[in-house]
Amino acid sequence: MIYDLIIIGASTAGMSAGIYASRAGLNFIIISKNKGGNTAEAGIVENYLGTISKSGFELSREFENHL
């Protein structure tokens, strides 16, 4: 298969790139050994835009659902 875009890494930035690629109608793939990057491993994330406080794991799952 031929892709318009290959995204390396499924951290916050990689998932964000995937969302924008999807909105642009690109055929893309994300290659990563795990999802969420450092965010998924963070304890509590506070004052992230749109949320006051939640675990990094929970926040990374929300990113994945959005993607």
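Calculation notes
Residues numbered from 1 in each chain as written. Predicted model: local features only at pLDDT ≥ 70, side-chain atom pairs only at ≥ 80, totals over all residues. Heavy atoms only, no water. Helix = DSSP H or I, 4+ residues; strand = E, 2+ residues; numbered from the N terminus. Expected span 1.5 Å × (residues − 1). Buried < 20%, exposed > 50% of the residue type's maximum accessible area, 1.4 Å probe, protein only. Arc of directions from axis to C-beta. Contact = heavy atoms within 4.5 Å.

## As for helix 1 (residues 12–23)
Working step 1: Taking 1.5 Å of rise per residue, 12 residues should cover 16 Å, and helix 1 covers 17 Å from first to last C-alpha, within 8% of that figure.
Working step 2: Three or more residues of helix 1 are buried, namely Gly14, Met15, Gly18, Ile19 and Ala21. Mapping the buried residues of helix 1 onto a view down its axis gives an arc of 165 degrees, with all of them on the same face. Away from the buried face of helix 1 by more than 90 degrees, exposed residues Ala13, Tyr20 and Arg23 are located.
Working step 3: In the core, the buried residues of helix 1 are packed alongside strand 1 (5–10), strand 2 (28–35) and helix 3 (56–66).
Working step 4: Gly25 sits one or two positions beyond helix 1 and adopts a positive phi of about 80 degrees.

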